[in-house]
Amino acid sequence: MIYNIFPDSFASARRAISGQPGECRWNGQTTRGKLGGTINGITENLDYIQGLGANCIYMNPIFAAGEYHKYDLLDYFHIDPCFGTDEDFRRLVDACHSRGLRVIIDGVFNHVGWHFFAFEDVVEKGGDSAYKDWFYGLEFPVRRPESGDEYPKYECFGYERMMPKINTEKPEVAEYFCRVGRHWLREFDIDGWRLDVASEINDAFWRRFREAVKAVKPDCLLIGEVWESAPHWLNGDMFDSTMNYDFRKHCRRFFAERSIDAAQFDGRVTNMRVRYKLPMLYAQLNLLDSHDVSRFLSLCQGDLASMKLAVLFQMTFIGIPSVFYGDEKGIDGLLEEEYRHPMPWGQEDGGLEQFYRNAAGLRNACPALRRGDFYTVSARAGSGMYCYCRALDKEGVFIVLNNQPLAAELPGEIAEKELLWQEGLSGRSIGPMGFAVLKGRAEI
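Summary of the structure given here. It should be emphasised that the depicted structure is a prediction, and the values quoted were computed from it without experimental measurement.

### A closer look at the layout of surface pockets
Looking at the largest pocket, its volume works out to about 530 Å³. The set of elements that each furnish at least two residues to the lining of the largest pocket consists of strand 7 (102-107), helix 14 (352-365) and helix 15 (367-371). Tallied by class, the residues present in the lining of the largest pocket amount to 8 nonpolar, 3 polar and 6 charged. Roughly 230 Å³ of internal volume is contained in the second largest pocket. Considering the residues around the second largest pocket, the lining is formed by 15 residues, among which Tyr71, Phe157, His291, Asp292 and Arg340 are closest to the centre. Considering only residue class, the lining of the second largest pocket consists of 5 nonpolar, 4 polar and 6 charged.

### With respect to helix 9 (residues 262-274)
In this model helix 9 runs 18 Å from its N-terminal to its C-terminal C-alpha over 13 residues, within 8% of the 18 Å that 1.5 Å per residue would give. Every buried residue of helix 9 is accounted for by Ala262, Phe265, Asp266, Val269 and Met272. Looking down the long axis of helix 9, one finds its buried residues gathered within 115° of arc, a one-sided arrangement. Where helix 9 is buried, its residues touch strand 10 (241-244), helix 8 (245-256), helix 10 (278-281), helix 12 (304-316), strand 13 (373-379) and strand 14 (385-392). The N-cap residue of helix 9 is Asp261: its side-chain oxygen and the backbone nitrogen of Ala263 are 3.1 Å apart.

### Thoughts on the nonpolar core
In this structure, Tyr3, Tyr76, Phe89, Phe109, Trp193 and Phe313 are the most contacted members of the largest nonpolar core, which totals 140 residues. Per element, the largest residue contribution to this core is 9 residues, and it comes from helix 6 (residues 171-188). Each residue touching Phe89, except ones within four places of it in the same chain, is listed here: Ile39, Met59, Ile62, Ile79, Val103, Ile105, Trp184, Phe188 and Ile190. Counting 16 residues, the second largest nonpolar core, distinct from the first, contains Ala408, Leu410, Ile430 and Leu438.

### Here's the deal with the environment of Arg102
Looking at the secondary structure, you find Arg102 in strand 7. Spatially, the C-alpha atom of Arg102 lies 32 Å from that of Ala442, the residues being 340 residues apart in sequence. Beyond its immediate chain neighbours, meaning those up to four positions away, Arg102 contacts Asn55, Cys56, Ile57, Asp191 and Asp219.

### A closer look at the packing of aromatic side chains
Going through the model one piece at a time under the given rule, you end up with 56 aromatic pairs. Geometrically, the ring pair formed by Phe117 and Tyr131 is edge-to-face, given 5.3 Å between the ring centres and 85° between the ring planes. You can see Phe117 sitting in helix 5 (residues 117-125) and its partner Tyr131 sitting in the loop between helix 5 and helix 6, a full 14 residues away along the chain. The ring of Phe83 carries Lys70 above its face, with NZ or CZ at 5.6 Å from the centroid. Lying over the aromatic face of Phe188, Arg90 brings its terminal NZ or CZ to 4.4 Å of the ring centre.

### Notes on the pairing of strand 1 (residues 2-5)
Side chains of strand 1 alternate between two faces, with Ile2 and Asn4 and Tyr3 and Ile5 buried alike. As judged from the 3 bridges shared by strand 1 and strand 12 (residues 320-324), these two strands associate in the parallel manner. By the bridge assignment, Asn4 is partnered in strand 12 with Phe324.

### Topic: the state of the cysteines
Counted by the stated rule, this structure contains 0 disulfides. Residue Cys389 stays outside any disulfide, its sulfur separated by 8.1 Å from that of Cys387, the closest cysteine.

Parameters and conventions
- Residues numbered from 1 in each chain as written.
- Predicted model: local features only at pLDDT ≥ 70, side-chain atom pairs only at ≥ 80, totals over all residues.
- Heavy atoms only, no water.
- 1 Å grid on protein atoms, 1.4 Å probe; cavity = no way out; pocket = protein on both sides within 12 Å on 5 of 7 lines; lining within 4 Å.
- Points joined across faces, edges and corners; volume = space filled by probe spheres on them.
- Helix = DSSP H or I, 4+ residues; strand = E, 2+ residues; numbered from the N terminus.
- Nonpolar A, V, L, I, M, F, W, Y, C, P; charged D, E, K, R; others polar.
- Expected span 1.5 Å × (residues − 1).
- Buried < 20%, exposed > 50% of the residue type's maximum accessible area, 1.4 Å probe, protein only.
- Arc of directions from axis to C-beta.
- Contact = heavy atoms within 4.5 Å.
- Polar contact = N/O pair within 3.5 Å; in protein donor to acceptor, adjacent residues only side chain to side chain.
- Core = buried A, V, L, I, M, F, W, Y, C linked by side-chain atoms within 4.5 Å.
- Phe/Tyr/Trp six-rings, centres within 6.5 Å; stacked < 30°, edge-to-face > 60°.
- Lys NZ or Arg CZ within 6 Å of the ring centre and 35° of its normal.
- Pairing = 2+ DSSP bridges.
- Disulfide = S-S within 2.5 Å.

Below is the structure:
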């Protein structure tokens, strides 16, 4: 399980976050924090993360950048001073590795901040700049618009004037970012990269980047941010994995909205299983939410029973479950200000945090849930009960999710299996919004 941390929002000390904004200076530029999260704060809470059942952390951007989210990069070779120092990060990685936790960081190579050294040079020197070909659509003289209502005379990310798009087709740009990739592997021993806006960057760059980083660390994991179906990027020459936003979409329809039945959900699950080659399928990053989207609990209208069923499915489906910080503590929110909420250390969660521990513990204890095949046991039209099996060497783990306000009978073929975990099970009847996890021989 991966635990996804938005650094500004997570922690500034053990089981605490200051909630205070801050400013620092970096090479003459101002960098900002909003809630006070730091690298040392993450290190101080690794026991908490490991106790949830995670074996990897993924951090949103941590390099020097202007705004609190750190997607407007100033310097790719140093930690943002609002978060700490390079040595703080080194200690974090070492502490993670001593616990058996892997470390994945965010690579933002589609765009830079408008005070990035190359763009600064273009603004200063115009057409005489040695970096003018690093960017798209420049009109000289290059001017930074003072108002967000004014569209810049250069191409940028998402119409955001502070994030000019950078041209990775240029060999010198590609080499610069390959050097970034190698640096954090060689100097800090990170374990992987999550690659931002991956579908908007040319394939040749990704092939070159893969070759560069795999030469340093062959098992370095490369996860592309691709919101659509991603077989194009998963042929072994670019990424090892992609962020599976379809997983979230289908879970939203079935668990949160209950707008599709078990048969329709199973059809979508089947599509997710057959579209990729097996090695890539088992590496898919299955998420319910992230820093870019509303919290899944809000999509469930705050209903913990619906949330729990979705989490149990996440922990037992093929792929890598990715938990966004604070989901286990019941963080909700539909808007950015809400879903990037400070970590509510000490908040009562109605048992949700323990549920996450139990679900992740189940996954860690059962090899079939990590490496096993998947097959559907029951998914009837008009029903909200969904039953499936994860099987490895004929040993199966059977999961029954009764996602409906009605009781249902366990499928006959699994009723006598060994019970591992349940909520709402009485005899062979599983109550509304209940579940059961059983173990026994699998007949595939």
